[in-house]
Amino acid sequence: MSDIFDFDRRKDQYAVMGNPIAHSKSPRIHSLFAEQTGQSLEYTAIQVDPGGFQQAVGNFDAAGGKGLNITVPFKQEAWHLVSDRSERAERAGAINTIKFDGNTLYGDNTDGVGLVNDLCDNNQLELKDKTILLMGAGGAARGVIAPLLVKQPAAITIANRTVDKAKELAQSFSDIGNLSGSSYAALNGKEFDLIINATAASLQGDLPPLPENILTANACCYDMMYAAAATPFMQWAADHGAVKILDGLGMLVGQAAESFYLWRGVRPETQSVIATLRSEMLVKK
Ligand code: ATR
């Protein structure tokens, strides 16, 4: 961890911690934000070994670090580690952002608002009174439920391979919205305006077992994963007539923008950063 102590001490220090972390786009995103907003900061990527997370955060704090993003697999551990949490982080049970504030470690979860801003601001989707299918019942799904409910959809159905997990997740948010848990097979005969893929299936080149004919006429499909090429779910959406098909690059930049805002008090504009990353991804393809 000696790299932590090699800080350029003239600049405020930020980092993303995770494992693996080598391909993280966060350093690039935050340097584009810093350039755009005229903020002076340095943002690095730190790989943390299993079992070493608490120590790594302590080292970063001791070296004068100002803030961290947290990614797989440490989001839940980070939730337990912080001393204070935003309301949305409290609900999510996982955090992706830490702000060091004197002796306080403040935790937030900006994933959900990153998704909702990408859907509603960047892509002009109206979620009010719409039917949403959320696929997956892990941390990624949990983090976006409360921010989606703020937009007052008619209902959110959570589908998962392990049905009990979907039902438990729906139950745990049932005080703030109309949610239900389902198997994939039981979706047969239902229709959705928006399907969000929060499973790890795309990472494995796989597709959740969706029934045919579950998209409404103007449906949108959103895969939280992003890649230069369409994911299997995005391909499924194209084959089934989805009107809008989106990957998770906008969510990634959106969550970063909200973290940046928490740390610096300035909210960067995201569309130009998404466009820059998109063109860089295509060049590397
Ligand atoms: P994360 O924190 O990224 O959400 P996770 O907690 O491991 O990761 O959850 C992964 C989610 O993807 C789960 O909902 C998982 O379904 P199960 O709970 O039934 O395991 C889902 N998932 C993973 N691979 C999948 C696949 N090939 N098809 C469908 N769902 C899959």
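Residues numbered from 1 in each chain as written. Predicted model: local features only at pLDDT ≥ 70, side-chain atom pairs only at ≥ 80, totals over all residues. Heavy atoms only, no water.

A. Summary view of the domain arrangement of the protein chain. Segmentation of the protein chain into domains returns domain 1 (2-109 + 252-284) and domain 2 (112-247). Computed from C-alpha atoms alone, the centre-to-centre distance between domain 1 and domain 2 is 26 Å. Carbon and sulfur atoms supply 52% of the area buried between domain 1 and domain 2, which totals about 1,300 Å² over both sides. Taken as a group, Arg91, Ala92 and Met281 account for 40% of the area that domain 1 buries against domain 2, more than any other trio of residues on that side. Viewed at the interface, domain 2 and domain 1 are joined by two salt bridges. A salt bridge links Arg278 to Asp247; the nearest nitrogen and oxygen atoms lie 2.8 Å apart. Seen at the junction of domain 1 and domain 2, the total is four residue pairs in polar contact (both at pLDDT 80 or more). Elements represented by at least two residues in the side of domain 1 that touches domain 2 include exactly α4 (87-92), α9 (249-264) and α10 (271-284). When residues of the side of domain 1 that touches domain 2 are assigned to their parent elements, the largest contribution, five residues, is made by α10. Grouping the amino acids of the side of domain 1 that touches domain 2 by side-chain chemistry returns five nonpolar, seven polar and five charged. (Domains from an automatic or database assignment. Buried area = accessible area lost by both parts, 1.4 Å probe. Salt bridge = Lys/Arg side-chain N within 4 Å of Asp/Glu carboxyl O. Polar contact = N/O pair within 3.5 Å; in protein donor to acceptor, adjacent residues only side chain to side chain. Helix = DSSP H or I, 4+ residues; strand = E, 2+ residues; numbered from the N terminus. Nonpolar A, V, L, I, M, F, W, Y, C, P; charged D, E, K, R; others polar.)

B. Quick peek at the side chain of His30. Mapped onto the fold, His30 is located in helix α1 (residues 26-37). For His30, a relative accessible area of 1% corresponds to the buried category. Apart from residues lying up to four places away in sequence, His30 is in contact with Leu41, Tyr43, Asn69, Ala256, Phe260 and Trp263. (Buried < 20%, exposed > 50% of the residue type's maximum accessible area, 1.4 Å probe, protein only. Contact = heavy atoms within 4.5 Å.)

C. Looking closely at the pairing of strand β2 (residues 41-47). In terms of strand pairing, strand β1 (residues 12-18) meets β2 through seven bridges, oriented parallel. Considered in β2, the bridge of Tyr14 is made with Tyr43. In this region the chain leaves β1, passes through α1 and returns to the parallel neighbour β2; the handedness of that crossover is right-handed. (Pairing = 2+ DSSP bridges. Right-handed = clockwise from strand over helix to strand, strands pointing away.)

D. Structural detail: the packing of helix α5 (residues 111-122) against α9. The geometry of α5 relative to α9 is characterised by a closest axis approach of 7 Å and an angle of 125° between their N-to-C directions. Between α5 and α9, the angle falls in the class oblique. Judged by the sense of rotation from one axis to the other, the crossing of α5 with α9 is right-handed. Along its contact with α5, which presents Asp111, Val113, Gly114, Leu115, Asn117 and Asp118, the element α9 presents Gly250, Met251, Gly254, Gln255 and Glu258. Of the residues that constitute the contact of α5 with α9, the class distribution is three nonpolar, five polar and three charged. (Axes fitted to C-alpha atoms, helices over the stretch in contact; angles between N-to-C directions. Parallel < 35°, antiparallel > 145°, perpendicular 65-115°, else oblique. Left-handed = near helix turned anticlockwise from the far one by under 90°.)

E. Layout of the side chain of Asn69. Mapped onto the elements, Asn69 comes out in strand β3 (residues 67-70). At a separation of 3.0 Å, a polar atom in the side chain of Asn69 contacts the main-chain carbonyl oxygen of Asn96. In this structure Asn69 touches Ala15, Val16, Met17, His30, Tyr43, Asn96, Thr97, Gln255, Ser259 and Trp263, once residues within four positions along its chain are discounted.

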